[in-house]
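# Remarks on the overall topology
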Amino acid sequence: MKLWLDGGLKDVEDARVSVLDHGLTVGDGIFETLKTTDGQPFALTRHLDRLTRSARGLGLPDPDHDEIRAACTAVLAANPLPLGRLRITYTGGQGPLGSDRGAHGTTLVVAVGETSRRPDTTAVVTVPWTRNERGALTGLKTTSYAENVVALARAHGQGASEALFANTVGALCEGTGSNVFVVLDGEIHTPPLASGCLAGITRELTVEWTGARETDLPLDVLSRADEIFLTSTLRDVQAVHRVDDRELPGAPGPVTAKAMRVFAERAGDDLDP
C-alpha cells in the first residue's frame, strides 16, 4: 500500500509523522472520507469545500485543493480497488505539548483502503451522551473523534452498526458517522444543521435530490417514525430495520426505497455532483 504524505507517495511502512504532531497530541486536525469506485472518488469537490470550512473553523491555513487532488489521483492509481474508502487528513502539524500550535506547518496525509458494499438495511441504537450544538467544533469534521469511538463501540456491543445522538436540548441530531432521516406521513425529514449535526455531503445531496425537509425533531420521533434511514459516503442511503428494541418490519419502506433508487441513479450519472 502507498499513501501520500506531505508532498509525495510513500510506502505505508516508510511513512512517518512526528510524534509531536498536533493531530496526535491534541486532536488538532480535520479529515474527509470519500467513497471511490474503480479508482474514481465521489463528490470530491464538495468534500474539499467542506475540508476548507473545517480548516477555517479550527483556524488552520486553507488546504491546497490542487495538491490534494493530485494526491488523491496518485494514491488511487497506486492502489487500484473496486470499492475504496479514501481518507484525507490535515492537521496542525508538529507542535508543543499543549494547546498552542507550533510553526512547522501543517501535515497532509491521503490514504485509501478497501471496503465492501453496505447491506440495504441496518440496526441502530440511541446513546445517553449528547452532541453540543453550541460547541467550538460543532459542524466541523475534526480528528477529535474519541466520543464517536466510544458510542460506536456501544452500538456494536448491541448488535447495531450505528449510534444516534440527541443534542443538549433533546432534539435528534446525528450518528457517529452518519446523518439520520425519518419518514412521517410520507414526507422525509432530517435534523437541521442548527441541531449540531455535521453537514454531511450525502445528506446534502439527499436533501437536494429527494426534497427532504430540515425539521427540528425530538429524539422520540424514532419511536414513531414510519421509516428511518441513514446517509453517509459509504452507506449512501441505508434503511434502518431496528432502532433500540423497536423493529421496523418491511424495511426499506417505500419512501426509503425510492430515495435509495434516486440517489443511486443520480450518483451514477455524475461522480462529482
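Look up a bit, the structure's there.
Figured I'd write up the structure that's included with this text.

Parameters at a glance
- Residues numbered from 1 in each chain as written.
- Predicted model: local features only at pLDDT ≥ 70, side-chain atom pairs only at ≥ 80, totals over all residues.
- Heavy atoms only, no water.
- Patch = residues over 30% accessible without salt bridge, like charges linked within 9 Å, V, L, I, M, F, W, Y side chains within 5 Å.
- Areas by Shrake-Rupley, 256 points an atom, 1.4 Å probe, with all protein chains shown as cover.
- Salt bridge = Lys/Arg side-chain N within 4 Å of Asp/Glu carboxyl O.
- Lys, Arg positive; Asp, Glu negative; His and termini not counted.
- Charge placed at Lys NZ, Arg CZ, Asp CG, Glu CD.
- Helix = DSSP H or I, 4+ residues; strand = E, 2+ residues; numbered from the N terminus.
- Axes fitted to C-alpha atoms, helices over the stretch in contact; angles between N-to-C directions.
- Parallel < 35°, antiparallel > 145°, perpendicular 65-115°, else oblique.
- Contact = heavy atoms within 4.5 Å.
- Nonpolar A, V, L, I, M, F, W, Y, C, P; charged D, E, K, R; others polar.
- Phe/Tyr/Trp six-rings, centres within 6.5 Å; stacked < 30°, edge-to-face > 60°.
- Buried < 20%, exposed > 50% of the residue type's maximum accessible area, 1.4 Å probe, protein only.
- Lys NZ or Arg CZ within 6 Å of the ring centre and 35° of its normal.

A contiguous patch of negative charge, built from E265, D269, D270 and D272, is present on the exposed surface. Along the polypeptide, E265 turns up in helix α6 (residues 254–269).

On to the packing of helix α5 (residues 201–210) against α6. Running from amino to carboxyl end, α5 crosses α6 at an angle of 105 degrees, the nearest separation of the two axes being 10 Å. When the interaxial angle is binned, α5 and α6 end up roughly perpendicular. For the pair α5 and α6, the contacting residues are T202, L205, T206, W209 and T210 in the first and A259, V262, F263, R266 and A267 in the second. Here the residues of the contact of α5 with α6 are counted per class, giving six nonpolar, three polar and one charged.

The tally for this structure, following the rule as stated, stands at four aromatic pairs. Measuring from centroid to centroid gives 6.2 Å for F42 and F263, while their planes differ by 65 degrees, and the two rings are edge-to-face. Residue F42 is found in the loop between β4 (40–41) and α2 (44–58), and its partner F263 is found in helix α6; the two are separated by 221 residues along the sequence. A relative accessible area of 4% means that F263 is categorised as buried. Considering the side-chain rings of W209 and F263, the 5.2 Å spacing of their centres and the 50 degrees angle between planes classify their relative orientation as tilted. Separated by 54 residues along the polypeptide, W209 in helix α5 and F263 in helix α6 bring together distant segments of the chain. With respect to class, W209 is no different from F263; both count as buried. When the ring centre of F42 is taken as reference, the NZ or CZ atom of K35 above it lies at 5.5 Å. Over the ring of F165 we find R131; its NZ or CZ atom is 4.0 Å from the centre of that ring.

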